Amino acid sequence: MIIAVSGTPGVGKTTVAKLLAKKLGYDYVDLREFALKHGIGEMKGEELEVEVDELAYYVEKELKDKDVVLDGHLSHLMPADQIIILRAHPKLVGERLKERGYSEEKIAENVEAELVDVCLLEAIDENENIIEVDTTNKSPEEVVEEILDLLNRGIKRRVGIVDWTKVYDEVLPYLKLGGDDEWA
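Residues take numbers from 1 onward in each chain, read along the sequence in its written order. Per-residue local features are limited, in this predicted model, to residues with pLDDT of at least 70; the limit for side-chain atom pairs, both in listing and counting, is 80 or more; totals at the level of whole chains, interfaces and linings are taken over all residues. With hydrogens and water stripped out, all remaining heavy atoms of the structure feed into the side-chain values.

Draft legend 1. Local environment of the packing of helix 1 (residues 13–24) against helix 7 (residues 140–152). Fitted lines through C-alpha atoms give the axes, limited to the stretch in contact for helices. The angle between two N-to-C directions lies from 0 to 180 degrees. Each helix corresponds to a stretch of at least 4 residues labelled H or I by DSSP, and each strand to a stretch of at least 2 residues labelled E; elements are numbered beginning at the N terminus. Following both chains from N to C, one finds helix 1 and helix 7 inclined at 55 degrees, their axes separated by 9 Å at the closest point. In terms of orientation, helix 1 lies oblique with respect to helix 7. For helix 1 against helix 7, the interelement crossing comes out right-handed. Contacts between helix 1 and helix 7 involve T15, V16, L19, L20, K23 and L24 on the former and, on the latter, P140, E141, V143, V144, E145, I147 and L148. Each residue gets one label: Ala, Val, Leu, Ile, Met, Phe, Trp, Tyr, Cys and Pro are nonpolar, Asp, Glu, Lys and Arg are charged, and the others, such as Gly, are polar. A per-class count over the contact of helix 1 with helix 7 returns nine nonpolar, one polar and three charged. For classification purposes, angles smaller than 35 degrees are called roughly parallel, those larger than 145 roughly antiparallel, those between 65 and 115 roughly perpendicular, and all remaining angles oblique. In this scheme the crossing of two helices becomes right-handed for a clockwise turn of the near helix relative to the far one and left-handed for an anticlockwise turn of less than a right angle. By definition, residues are in contact when any of their heavy atoms lie within 4.5 Å.

This is the structure in structure tokens:
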């Protein structure tokens, strides 16, 4: 079984994916490392740019009969049996990315992506089995327990539980408005 853990950078994907893999006894697969190992994509500065279809081909070819937890913000676009979309308050995403030294532009891009459900909407276009989990104010262990509880109860689809529209004013400081150098 392939379980894909995805979401905007800063929502807790890697921590949750590693813990989930350990609890299930599955292999943990970092999608970025997987792509590099298979010569997929090219480095543009710090970022790896990949052709999603090529990456999906290799994921299917190499992992289809294995029990793995895929970790990566493109994993929801891979051929997986279950997609887990992690969500976090956009302000929290902004703070975490600031701590990681992301540029203001990248912070704004990712806060906006979380605000408007980008990963969830992309996942819905690609897959039926999607579980959305809000990680805000939860420990990684609590998030994993929630995921395992849902899976054990046979729940394969739970979407629409997060709505950040009411927090728009709170995240304005993280969004670039107007010109390139104008911040809210």
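Following the structure, the description resumes.
Draft legend 2. The nonpolar core, seen in detail. Among the nonpolar cores identified, the biggest contains 31 residues, and L20, V69, I84, L86 and I147 are the most heavily contacted of them. Breaking this core down by element, the ones donating at least two residues are strand 1 (2–6), helix 1, strand 6 (82–87), helix 4 (90–99), helix 5 (104–115), strand 7 (130–134) and helix 7. Those residues in contact with V69 that lie beyond four places of it in its chain are I3, V5, A17, L20, A21, Y26, D27, Y28 and V29. By nonpolar core is meant a set of buried Ala, Val, Leu, Ile, Met, Phe, Trp, Tyr and Cys residues that side-chain atoms within 4.5 Å join together. Residue exposure (1.4 Å probe, protein chains only): buried if accessible area is under 20% of the type maximum, exposed if over 50%, otherwise partly exposed. Judged by nonpolar contacts, the second largest core, of 23 residues, contains F34, I40, L55 and L63.

Draft legend 3. Local environment of the sheet that holds strand 1. A pair of strands counts as paired when DSSP detects no fewer than two bridges linking them. One open sheet accounts for five strands, arranged 2-5-1-6-7; its pairing is parallel. The open sheet terminates on both sides in strands that have one partner only, identified here as strand 2 (27–30) and strand 7. Looking at each pair of strands side by side, their axes are set apart by 20 degrees on average, direction ignored. The sheet contact formed by strand 6 and strand 7 spans five bridges and is parallel.

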